[in-house]
Structure formats: structure tokens, C-alpha cells
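Next come the chains, spelled out residue by residue.
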Amino acid sequence: NTPLHELDPDVAAAVDAELHRQQSTLEMIASENFAPVAVMEAQGTVLTNKYAEGYPGRRYYGGCEHVDVTEQIAIDRVKDLFGAEYANVQPHSGASANQAALFAIAQPGDTILGLDLAHGGHLTHGMRLNFSGKQFNVVAYHVDEAGLVDMAEVERLAKENNPKVIIAGWSAYPRHLDFAEFRRIADEVGAYLWVDMAHFAGLVAAGLHPNPVPFADVVTSTTHKTLGGPRGGIILARSKEFAKKLNSAVFPGFQGGPLEHVIAAKAVSFKVAASDDFKERQQRTLDGARILAERLVQDDAKAVGVDVLSGGTEVHLVLVDLRNSELDGQQAEDRLHEVGITVNRNAVPNDPRPPMVTSGLRIGTPALATRGFQEDDFREVADIIAEALKPGFDAASLKTRVTALADKHPLYPGLK
Ligand code: PLP
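Residues numbered from 1 in each chain as written. Predicted model: local features only at pLDDT ≥ 70, side-chain atom pairs only at ≥ 80, totals over all residues.

Per an unreviewed UniProt entry, the protein goes by Serine hydroxymethyltransferase and derives from Streptomyces atriruber. You can read under Cofactor (unreviewed entry) in the UniProt record for the protein the words "pyridoxal 5'-phosphate". Regarding the protein, the UniProt comment filed under Subunit (unreviewed entry) reads as follows: "Homodimer." (UniProt positions renumbered as here; feature names shortened; annotations may be inferred.)

Let's hear about the site of the ligand: which residues, and what values?
Around the ligand, the structure places 15 residues, and the nearest of them are Ser-93, Gly-94, Ala-95, Ser-171 and Ala-198. Counting residues per element, the shell around the ligand draws most heavily on helix α5 (residues 94-105), at 3 residues. Here the residues of the shell around the ligand are counted per class, giving 3 nonpolar, 11 polar and 1 charged. (Near = placed C-beta within 6 Å. Helix = DSSP H or I, 4+ residues; strand = E, 2+ residues; numbered from the N terminus. Nonpolar A, V, L, I, M, F, W, Y, C, P; charged D, E, K, R; others polar.)

Any chance you could break down the sheet that holds strand β5 (residues 111-115) for me, citing the residues and the numbers?
Read from one edge of the open sheet, 7 strands run β4-β10-β9-β8-β7-β5-β6, paired in mixed fashion. Each end of this open sheet is capped by a strand with a single partner; those strands are β4 (86-88) and β6 (137-141). For this sheet, the mean angle separating the axes of adjacent strands, direction not counted, is 20 degrees. The sheet contact formed by strand β8 (residues 192-196) and strand β9 (residues 218-222) spans 3 bridges and is parallel. Among the inter-strand pairings, Asp-196 is bridged to a residue of β9, identified as Thr-220. (Pairing = 2+ DSSP bridges. Axes fitted to C-alpha atoms, helices over the stretch in contact; angles between N-to-C directions.)

How would you sum up the nonpolar core? Please name residues and give values.
Judged by nonpolar contacts, the single largest core of 128 residues is most densely connected at Ile-166, Leu-193 and Leu-236. A total of 8 residues in this core trace back to one element, the largest contributor, which is helix α11 (residues 260-273). Leave out the neighbours within four places in its chain, and Leu-193 touches Ile-166, Ala-168, Phe-182, Arg-183, Ala-186, Phe-215, Ala-216 and Asp-217. (Core = buried A, V, L, I, M, F, W, Y, C linked by C-beta atoms within 7 Å. Buried ≥ 20, exposed ≤ 12 C-beta atoms within 10 Å, placed from the backbone. Contact = placed C-beta atoms within 7 Å.)

Now, about the pairing of strand β12 (residues 317-321): what can you tell me, with residues and values included?
The buried fraction of β12 amounts to 5 of the 5 residues, a majority that puts the element mostly inside the structure. As paired strands, strand β11 (residues 307-308) and β12 are joined by 2 bridges and run antiparallel to one another. Each residue of the ladder has a partner; that of Val-308, found in β12, is Val-320. Where β12 and strand β15 (residues 360-364) come together, 5 bridges link them in antiparallel fashion. When the bridges of β15 are listed, Leu-319 appears paired with Arg-362.

So what's going on with the environment of Gly-109? Residues and values would help.
For Gly-109, the location among the structural elements is in the loop between α5 and β5. Once the C-alpha coordinates of Gly-109 and Val-138 are considered, the two residues, 29 residues apart in sequence, prove to be 9.2 Å apart.

Tell me about the pairing of strand β7 (residues 165-169), residues and numbers included.
The buried fraction of β7 is high, at 5 of 5 residues. Side-chain alternation along β7 places Val-165, Ile-167 and Gly-169 on one buried face and Ile-166 and Ala-168 on a second face that is also buried. Note: β5 against β7, 2 bridges, orientation parallel. Paired with Leu-113 across the bridge in β7 is Ile-166. Of the strand pairs in this sheet, β7 and β8 are connected by 5 bridges, and their pairing is parallel. Along β8, the bridge assignment pairs Ile-166 with Leu-193. The parallel pair β7 and β8, bridged by helix α8 (residues 179-189), forms a crossover whose chirality is right-handed. (Right-handed = clockwise from strand over helix to strand, strands pointing away.)

So what's going on with the confidence of the model for the protein? Which residues, and what values?
Put simply, the protein has an average pLDDT of 97, and 100% of its residues get 70 or more. If you check the scores for this complex, the pTM reads 0.98 and the ipTM reads 0.99. (pLDDT = per-residue confidence, 0-100.)

Give a detailed account of unusual backbone geometry, specifying residues and quantitative values.
With an omega of 10 degrees, the peptide bond running from Phe-251 to Pro-252 counts as cis. For Pro-252, the position within the fold is in helix α10 (residues 243-254). Despite not being glycine, Ser-310 shows a phi value in the positive range, around 65 degrees. Within the element layout of this structure, Ser-310 appears in the loop between β11 and β12.

Right, here's the structure in full:
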């Protein structure tokens, strides 16, 4: 029963340093968030010790009576949260959920139609080196000149290629997708519609983004992005039509024992996500992203070649377009890091710079909203970012402003 700091000071020191990093800098990676202490507490419980292959009430191991309770709570809560008739809370990650979902509704060699990675799609939607790109025949759709998903192209490619599955979802896209239109196109060509809502699930839970569940055959998500829970994945469906196939794709198809400690933490996060506080937080997330987009299209930003893809945002992130800036994505990411703001560089559609450099930034507001940031705080952050992207920026004074914001909204004050 030796505590971590005594048993393994090396690991403990790195964990402490990471806590300090999270507390003292501004986290604006769009796919990150801060899990509540109760979620981390659930994840750090004895449930990690339990084997529970199978599903609640139908396990391959004895002694599952308590993990059956937590897993069933997670299932019931997430079904309620999103209005789904089916839920599987076992996928270890978003990528695992996607793998199981795809193999449940399609066979290797089938054609899938998804958003191009370079235009905001995810690796699991058909990237060449991913299982999806290696085992399926991939056709990709794109965004148009205005930065919006080109639904005319989706329809044309669907008719030309008769995909088994159409994938709607993204990792870097600042607008709502038209789920009804995706459904119409899928029906027209006899395809299944799979929506990957990993990024915007928290907004959906709060009722601040269209819910894909009524439109899609299968919906997957992560639980750790806007949804704000532990790192993990889920699969949902509006009906039980694919329940057997989805369950058996997860276990025994791709996974063995579920991570019951993580599933308990998911259950806690679904309770949080059903609350009024969560809704208010998601509203601040959206307000923060809108404030940032509005700041980065002002004349002083435009004058140094900074712009915003699609001209704004309807979600929790802003895609900064640096094609006309002297700074490339890497340099811009480094500059913001220097002043204490963490973001990631991101390719823009038809990016002239190589993928390791890029001409864009993806900047998200979920983690700062969780920290308690209000509109005036987001205005200050937006201003710091706009200043940092100008030539001759003053790193020291911007860093002081970042530290003042971090101090104003302490993160995990009880943790040391
Ligand atoms: N799907 C989308 C749309 C994502 O953006 C991501 C992660 O970035 C994933 C799936 C994969 O999630 P994970 O990293 O948990 O495997």
C-alpha cells in the first residue's frame, strides 16, 4: 500500500510536472478537456482489477455483480443523454469504437465514403495507413472553396461509387454537418450512415448542436473531448437493429476485458453531462470560440495574413488559416507555446506547406470553459493570440497576461 510518491518517485515527479503544466498554461487543444475530480477518482478505483469479458448479466467471469451495476448505469445514462436505444460503453478509445462500428456494418473490401483527412476528417475515416484505409476501398469527399463540406460532391461520389458506408464526422471542421442531407444521400444509394461525433458530443449532450442519433445507423464518439469525461469511446444507435453485430465487434471482435474503472468514470461523466451546469459550460465553450473567431478576422489580424477558415465557427473550435502569413503552422504553434498557450498546428485544405509544417492552427475552447472562463476572459485570450501572431510580438508581456488568466481560474485547486 505504498503511495506513488514513495514507491515510484520518478513517475510521480512527471505526473506532478504535468499537473503543474496543466494548471499554469492555457490548454486550447480542441480535442482536450479537464475531467472532473470525481471522474478521475472513479477511474482510480479497484475496478481496474476486475476481468469482465462479456456484457452486464452475461459475463465470462465470476464476481461481476458490482461492475455490472456501474456498466449498466453508464449504458442507461448515455442512452438517455443522446436519445439512443442502443449503447456500448466498452470501446477503449474513439479509434477502437470506430473500428468496431465499421466492421459491424461493412466487410473488408467494401467501399466507404468519408471526409478527407487533409480537409478535416479523422484517420479512422479512411486514411491510407489506418486500418480503415488499408482494409476498405476509400473514397473521400472534401470541403469547397468556402470551407464547407461539399454536399453536392458527397452526393455525386455516393452515386458513382455506391459505398456501403457514408461517414459524417470530423476532427477539424468549424461548422454543423447536415445530417438530414447525409441521410437522404445514404438512402438514395442504399448506404449505411455512420456519424462520428467524437468532437462535438458534448455540444449535442447540451442541446447546443444537432443530434445525429435520429439520422444515423450508427454513432460513435470519444468521451474525453467536449464530453469532458475519461479517455475512451462509445457506440450508440437509434435502434437495436445492429446491437448484436456491434456488441460482438467490440467483444470478442477487437477487445478482451473491458476497462471497468474507465466505464465507471464514463458513467460519472454522463451524469455530469446531463446537468444544467454542463449545458452552461458548453454555451461558454461556444461563446469562447465565436469570440476568438471574431477577433482573428479583424483588420489587424488580416494585415498580417491571419484568417479564419469558413469565416467563423458554430462549434468549439476555430481553424486559423495562415496561408498568407509569414508564420507557418509550426512557427505559430511554437509562438503560442512560448507565451503559455497550447494549440496544435493543422493542415488547411489544399495546404501549400508540408503536413509536418502546415499552414493552419486548430484552436479549441472546451478546456478553458471547463476552467471557468467567461466571455471577457475569452476576449483577453483572443487578443493575446492575435498579438502573438504578429511580427515583433512581446513574448514576456503576453506570458504575464496568460499567467494572470491561469491564476484567475485555478485548475484542480485541491490537487497538489
Ligand atoms: N474520431 C474523431 C472524429 C476524432 O477526432 C478522434 C480523435 O482525435 C477519434 C475518433 C479517435 O479517438 P481516440 O484518440 O480516443 O482513439
